[in-house]
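An overview of the molecular structure
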Amino acid sequence: MKRIVVVFFVMLAAIGPLAAVWAGTDAPGEFSIRSVQPLTEEQLARLRRLVQADVEAAALAAAVRQAAEPLLAAQPRPLEAIHYEGLVNTDPRRIATVAQLREMDDVAAVVRYWQVSDDPSAAAMLERFILAWARTYRPTGNDVNENKLYPLLVAYFHLRHRFPPDDQKTVDAWLRDIGERHARAVQSASRFTNRYTKRVRLLSILGRILGEVAWAEMTEMAIQRFVTHGLKPDGRSVDLIYRDTLTYHNSALVPILELAINVGRPDLYDWESPDGSSIRRSVEYVVPYATGEKTREEWRNTTVQLDRRRAEAGLEAYRPGRLFDPQDALELMELAAYFDPALLRVVLHLTGSPAKRFPTWQTLVNAACQP
């Protein structure tokens, strides 16, 4: 009976807290994409073994399958242009874009399912979406907009070998166009915010897909540049200082943690800049706000005009004085638990899960990625 209860609560933790978001109930002009990470063959094998051997892992896999199966027959609706970055959420162009971009969350759901199952129907759905977007979307190099396509890149990382030569040539050329734009921007970067870390994440996976060693090798140097110029010794980030919000502080750290996992460099979590800043210190800065020990009023002193325009448009998420929601730290804490297992207690606190090892999908992926 105890095993059944644990399975039930693990499945609930996997689909419950984020179900409203995944069902499309975000604020106008906004949406969420569940996280996905590229896994090596060894990591995929380890993930699938865990699902076979561990009751909590099996429960998470069942939830992933439940979310993905209704999407396997979906047809893509690719965009030629993405109108998102720099627009207030209520802008009609952004709302129209989001209506179609939401399918990136469908892609992410099916990527997770394929990773755990190797289901050919999941691969077929992903191939369909990758090719449609590659034939339609025209790259611009905008880091915010093209970051939304990340689930497609993870899917192609896994499935590129399945594409016929002509289709592979089409997708590769599309990705090379995207990558060249972002490589130039990473090399010339002078602002080290969440936009920089998302751009580096794009470049890193594109380098791995296309065999561009120089792009892939930029990753570790870019992480150190971000720690040096984007983080402070007291744990604050440039995003927190200039936007007065933990939301973007967390958003900057999440891609960095993913990258450190992907390149197999857990030591980067504790790497210190000459001034003493580190990823660990910036994660630990968030912990008391995630646990509720501290509260924080957000957005009061943002220097970014777009934040103020969003507040003036009546968007509650950007209202000056709004208290930071501890749930907004969940993804950060899940990833950080890979480097610091003590942070699993924060994940358990935020999810309310009775699981011992794997309260969420990311904690299961963490185990699969351990050296």
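This text gives an overview of the structure that appears in the document. (Residues numbered from 1 in each chain as written. Predicted model: local features only at pLDDT ≥ 70, side-chain atom pairs only at ≥ 80, totals over all residues. Heavy atoms only, no water.)

**Brief notes about the overall build of the chain**
Looking only at helices and strands, the chain features 19 helices and zero strands. Oriented by its inertia axes, the alpha-carbon framework of the chain measures out at about 55 × 50 × 40 Å. Per-residue burial for the chain yields a buried fraction of 56% across its 371 residues. Considering only intrachain contacts with a sequence separation of at least 6, the fraction spanning at least 24 residues in the chain is 75%. Of the roughly 15800 Å² of accessible surface on the chain, a fraction of 52% belongs to carbon and sulfur atoms. Separation between the mean location of the 46 positive side-chain charges and that of the 46 negative ones in the chain comes to 1 Å. (Helix = DSSP H or I, 4+ residues; strand = E, 2+ residues; numbered from the N terminus. Buried < 20%, exposed > 50% of the residue type's maximum accessible area, 1.4 Å probe, protein only. Contact = heavy atoms within 4.5 Å. Areas by Shrake-Rupley, 256 points an atom, 1.4 Å probe, with all protein chains shown as cover. Lys, Arg positive; Asp, Glu negative; His and termini not counted. Charge placed at Lys NZ, Arg CZ, Asp CG, Glu CD.)

**Quick notes on the packing of aromatic side chains**
Counted according to the given criterion, the structure contains nine aromatic pairs. With a centroid separation of 6.2 Å and an interplanar angle of 90°, the aromatic rings of Phe31 and Tyr84 are classed as edge-to-face. Placement of Phe31 in the loop between α2 (19-22) and α3 (41-53) and of Tyr84 in the loop between α4 (55-68) and α5 (92-101) is noted, with a sequence separation of 53 residues between them. Take Phe31 and Tyr84: they sit in the same class, and that class is buried. Ring centres of Tyr285 and Tyr289 lie 6.0 Å apart, and the angle between their planes is 35°; on these two criteria the pair is classed as tilted. Taken as a pair, Tyr285 and Tyr289 lie in helix α15 (residues 279-291) at a separation of four residues, close to a single helical turn. Members of the aromatic cluster, each reached through a chain of ring pairs, are Tyr248, Trp299 and Tyr318. Sitting over the ring of Tyr150, Arg201 keeps its end group 3.9 Å from the ring centre. Arg243 extends its terminal NZ or CZ atom over the ring of Tyr248, reaching a point 3.9 Å from the ring centre. (Phe/Tyr/Trp six-rings, centres within 6.5 Å; stacked < 30°, edge-to-face > 60°. Lys NZ or Arg CZ within 6 Å of the ring centre and 35° of its normal.)

**Comments concerning the side chain of Asp244**
The residue Asp244 is located in the loop between α13 (238-243) and α14 (246-262) in this model. A polar side-chain atom of Asp244 sits 2.7 Å from a polar atom in the side chain of Arg296. Not counting residues within four places of it along the chain, the set of residues in contact with Asp244 comprises Asp239, Arg296, Glu298, Trp299, Arg300, Asn301 and Thr302. (Polar contact = N/O pair within 3.5 Å; in protein donor to acceptor, adjacent residues only side chain to side chain.)

**Things to note about the pattern of salt bridges**
For the structure on display, the rule yields 29 salt bridges. Measuring nitrogen to oxygen at the nearest pair gives 2.9 Å for the salt bridge that ties Asp91 to Arg93. Accessibility expressed as a relative area gives 17% for Asp91, which makes it buried. Judged by relative accessible area, Arg93 falls into the partly exposed class, the value being 46%. We note a salt bridge from Glu272 to Arg281, for which the minimum N-O separation is 3.1 Å. When its relative accessible area of 42% is taken as the criterion, Glu272 is described as partly exposed. Overlapping salt bridges, with partners in common, bring together Glu85, Asp143, Arg195 and Arg199 in one network. (Salt bridge = Lys/Arg side-chain N within 4 Å of Asp/Glu carboxyl O.)

**Things to note about unusual backbone geometry**
Notably, Asp244 is not glycine yet its phi reads approximately 55°, a positive angle. Backbone geometry places Trp299, a non-glycine residue, at a positive phi of 70°. Of note, Trp299 is situated in the loop between α15 and α16 (305-312). Judged by relative accessible area, Trp299 falls into the buried class, the value being 3%.

**As for the nonpolar core**
Trp174, Leu175, Val283 and Met333 are the most contacted members of the largest nonpolar core, which has 110 residues in total. Counting residues in hydrophobic clusters, the runner-up holds six residues, among them Trp299, Leu306, Leu315 and Tyr318. (Core = buried A, V, L, I, M, F, W, Y, C linked by side-chain atoms within 4.5 Å.)

**Here's the deal with the packing of helix α17 (residues 330-339) against helix α18 (residues 344-351)**
Between α17 and α18, the shortest axis-to-axis distance is 8 Å and the interhelical angle comes to 150°. When the axes of α17 and α18 are compared, the pair comes out roughly antiparallel. Crossing of α17 over α18 shows left-handed handedness. Between α17 and α18, the residues in contact are Leu330, Met333, Glu334 and Ala337 and Leu344, Val346, Val347, Leu350 and Thr351, respectively. Here the residues of the contact of α17 with α18 sort into seven nonpolar, one polar and one charged. (Axes fitted to C-alpha atoms, helices over the stretch in contact; angles between N-to-C directions. Parallel < 35°, antiparallel > 145°, perpendicular 65-115°, else oblique. Left-handed = near helix turned anticlockwise from the far one by under 90°. Nonpolar A, V, L, I, M, F, W, Y, C, P; charged D, E, K, R; others polar.)

**Thoughts on the packing of helix α7 (residues 120-136) against helix α10 (residues 165-187)**
Put simply, α7 and α10 touch, their axes get as near as 9 Å, and they point 55° apart. Taken together, the axis directions place α7 and α10 in an arrangement best described as oblique. Crossing of α7 against α10: the hand is left-handed. Of α10, the residues touching α7 (which contributes Ile130, Leu131, Trp133, Ala134 and Arg135) are Asp167, Thr170, Val171 and Trp174. Tallied by class, the residues present in the contact of α7 with α10 amount to six nonpolar, one polar and two charged.

None of the figures reported here should be taken as evidence of function without further support.
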